[in-house]
Amino acid sequence: MYYLCEFDMLQILSRITVIAVFVVSIASCSHKNVGKMPVLSVKNHSFSNYDSITLKHMYLSLKVDFDQRILKGKAVLEIDNHSNCHYLILDTRQLVIDDVLLDDSVSAAWSLGEEVPIVGRALVIELGPKTRKVAVYYETSKDAEALMWLSPEQTLGKKHPFMFTQSQAILARTWVPCMDVPAVRYTYSADIECDKAYLPLMSASNNFKKNTTGKYHFEMPQPIPSYLMALAVGNIEFQSLSANSGVFAEPEMLKKAAAEFSELPAMIDAAGKLYGEYAWGRYDVLVLPPSFPFGGMENPRLTFATPTVIAGDKSLVSLVAHELAHSWSGNLVTNRTWEDFWLNEGFTVYFEDRIMEAVYGKPYADMLMALSVGELNHTLETLMKDGPGDTKLKLNLKNRNPDDGVSDIAYVKGAMFLKYLEGLYGRKVFDDFLNAYFNHFKWQTVTTEEFIEYFKSHMSKWPKIKPELDAWIYEVGLPASCPKIVSVELNRVEAMANSINTEKSLKALDTAAFTTQHWMHLLRHLEADSIKDLMPEMDKAYQLSASTNSEIQCDWYLLCISADYKAADPYLEAYLMSVGRRKFLEPLYERLVLTPEGKEKALRIFRKASGGYHAVSRNTIKEILARTTVK
Ligand code: BES
Ligand code: ZN
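Computed from a prediction, not measured in an experiment: that's the story for all the values here.

**Topic: helix α18 (residues 596-609)**
Item 1. Over its 14 residues, α18 extends 20 Å from the first C-alpha to the last, a length consistent with the 20 Å expected when each residue adds 1.5 Å.
Item 2. Of all the positions in α18, only Gly598, Lys599, Lys601, Ala602, Ile605, Phe606 and Ala609 are classed as buried. Around the axis of α18, the buried residues are gathered within 160° of arc, so they sit on the same side. Every exposed residue of α18 that faces more than 90 degrees away from the buried side is listed here: Pro596, Glu600 and Arg607.

**Comments concerning the domain arrangement of the protein chain**
Item 1. Domain parsing of the protein chain yields domain 1 (328-474) and domain 2 (514-626).
Item 2. Taking the mean C-alpha position of each, domain 1 and domain 2 sit 30 Å from one another.
Item 3. In this complex, domain 1 contributes seven residues to the contact, which on the side of domain 2 involves seven residues.
Item 4. Buried surface at the junction of domain 1 and domain 2, both sides included, amounts to about 580 Å², of which 54% is carbon and sulfur.
Item 5. For the pair domain 1 and domain 2, the interface holds two salt bridges.
Item 6. For Asp403, the salt bridge is made with Arg582, and the minimal N-O distance between the two is 2.7 Å.
Item 7. On the surface where domain 1 and domain 2 come into contact, there are three residue pairs in polar contact (both at pLDDT 80 or more).
Item 8. The residue makeup of the side of domain 1 that touches domain 2, split by class, is five nonpolar, no polar and two charged.

**Quick look at the site of ligand 1**
Item 1. Close to ligand 1 lie 16 residues, the nearest being Gln168, Gly295, Glu298, Glu323 and Tyr411.
Item 2. Contacts to ligand 1 include Tyr411, whose side-chain N or O atom sits 2.6 Å from an oxygen atom.
Item 3. Relative to its unbound accessible surface of 520 Å², ligand 1 loses 88% to contact with the protein.
Item 4. Elements with a minimum of two residues in the shell around ligand 1: β18 (296-297), α4 (318-325) and α5 (341-360).

**Observations concerning the side chain of Thr391**
Item 1. Note on placement: Thr391 falls in the loop between α6 (362-386) and α7 (408-425).
Item 2. The contacts of Thr391, once residues within four sequence positions are left out, are Leu380, Leu383, Met384, Ile409, Lys413, Glu475, Val476 and Gly477.

**What about the sheet that holds strand β3 (residues 87-92)?**
Item 1. Taken in spatial order, the three strands of this open sheet run β3-β7-β6, and their pairing is antiparallel. Of all the strands in the sheet, just β3 and β6 (110-112) have a single pairing partner and so form its edges. Pairs of neighbouring strands in the sheet enclose a mean axial angle of 20°, with direction left out of account.

**Looking at the state of the cysteines**
Item 1. Using the criterion set out here, one finds zero disulfides in the structure.
Item 2. In this structure Cys178 is not part of a disulfide, and its nearest cysteine sulfur, from Cys85, lies 18 Å away.
Item 3. Unpaired in this structure, Cys560 has its nearest cysteine sulfur neighbour in Cys554, at a distance of 11 Å.
Item 4. For Cys560, a relative accessible area of 4% puts it in the buried group.

**Focus on the nonpolar core**
Item 1. Core analysis: the biggest nonpolar cluster contains 159 residues, and Leu60, Ile125, Trp175, Phe417, Tyr437 and Phe451 have the highest contact counts within it.
Item 2. Considering every element that reaches this core, the biggest residue donor is α6, with 11 residues.
Item 3. Counting residues in each nonpolar core, the second largest holds 46 residues, with Leu534, Trp556, Leu572 and Tyr589 among its members.

Quick notes on the rules
- Residues numbered from 1 in each chain as written.
- Chains lettered and ligands numbered in written order.
- Predicted model: local features only at pLDDT ≥ 70, side-chain atom pairs only at ≥ 80, totals over all residues.
- Heavy atoms only, no water.
- Helix = DSSP H or I, 4+ residues; strand = E, 2+ residues; numbered from the N terminus.
- Expected span 1.5 Å × (residues − 1).
- Buried < 20%, exposed > 50% of the residue type's maximum accessible area, 1.4 Å probe, protein only.
- Arc of directions from axis to C-beta.
- Domains from an automatic or database assignment.
- Contact = heavy atoms within 4.5 Å.
- Buried area = accessible area lost by both parts, 1.4 Å probe.
- Salt bridge = Lys/Arg side-chain N within 4 Å of Asp/Glu carboxyl O.
- Polar contact = N/O pair within 3.5 Å; in protein donor to acceptor, adjacent residues only side chain to side chain.
- Nonpolar A, V, L, I, M, F, W, Y, C, P; charged D, E, K, R; others polar.
- Near = heavy atom within 4 Å.
- Areas by Shrake-Rupley, 256 points an atom, 1.4 Å probe, with all protein chains shown as cover.
- Pairing = 2+ DSSP bridges.
- Axes fitted to C-alpha atoms, helices over the stretch in contact; angles between N-to-C directions.
- Disulfide = S-S within 2.5 Å.
- Core = buried A, V, L, I, M, F, W, Y, C linked by side-chain atoms within 4.5 Å.

This is the structure in structure tokens:
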């Protein structure tokens, strides 16, 4: 008899391993390619053949691997191939495709197209005549742009890692193979597996507590476009605000966040009264770590929000009104293409203003809108020089990144257009129109032209009003018919700023009734050259460098850079190191790079900070640093 000795065992084991590795690697690279690649073309930033094939439902099964910083699993797409297409074409970018199965059994022939900048690679899958289900086995890559993986140090609790997605506009394809175009809506469900210490959340039905298995199921029974798919995983807890709303956050932030958003139920109430019943069941807010690149993201049922709006005095909560409003404008009625982005954001800023007015009164809502109009005027000034085409509501984004269309034009010019219409027809008539519009287009996508067509057939004054409508939508700049927003309070602040500038003294400054917005307006109207010498006095009196209000900090640091007030440097640096919200980073870096010394500082800080920025912010700042040559 021959007994296997330890040495033999080792040899056999190592051979088995070699064979196994060999077989696995053959399996992963020996899939069948498609016979003849179809001609690939990009339409509305997507390769997918959504005109020929309907995507009905997506089922995701993903494991969250914090060690490797990847998601791994499968996406099963249920399709209706109504035009008998030979191929299903999906969008992917930075994905590693392992295998594709048809109807749970047949190995499919598939190929990846050439990489195209911004849009990524088409995944072409050969279909059988009756294929109903396509399962794509895949994993994400470490640099997947939608994904942000945070080390424990980058979280509030400092003990656990955290991850979140940001899919809008065309980043969903970096974590899910899909038809990544807002024209396509589908329902989804998911099974997510992660370490037992964490709670995963999605833009779907959520669990409120961790379980002992680390496995969680999600359902999104309402059809949504891919840009609204979202996932976040971390040490997250929940606090309820009402029967159908609440806040998720790291435990260290939870109480503060819940206190800040205590008026959320009133906002939901007000929104429903304005434009019809809330369509998504629950509305919860997830407060993320500070590297979240946006103020908020309207992921259905679960808005993602930056912690920089938790000011402690509720002064920045209009952000939640904004994301909540998207539950109608954007999520229920969606822009068909990114060139129609104003239909999402302009309607939402208008709706946000109406919610703020209903909950906090007209003077406060007007103050917020007047501040936004100030920002719009500033944006118009630069865009009219650099790219006037981008001041039209209807954008031209051919061969461009949809991110280029994200500006105050879609947001504030869009909202002012609706305010103009409100003034023209009266609030009652215009509200009836908006109600009918949301109701008519719910669960659908709309182009600008369809909006105009609908407007034409539902509103009076046509065709007299057509030229004015066209001017707002298709022409550059701001039409003279733009309503003026008067804020008595901001006018008072402006008068103060003017006297400080001319008298070069703080005598006129009376901050007794100042809110965050008063400060923002004041700081935006002080002239760096005039008040250079007053900076230390102001800082000492109001502790502005050490402020913990993200908006006031941003405006104050901008002034500090221009006035060369060096005492604020450490505070500015700490801010740029800890905040990842692009809206703040962008103007500060832009301001810094105007001088050689500032540019050096910007480069030095960016080198240290960029690892903590989400790709969305990092790419924008990289561009600023590469583009600018110092005079
Ligand atoms: N949907 C946007 C964020 C977005 C737009 C992400 C385009 C990617 C591409 C969100 O609703 C938004 O507008 N956020 C604003 C907040 C706001 C109150 C205007 C933001 O992040 O600053
Ligand atoms: Zn928005």
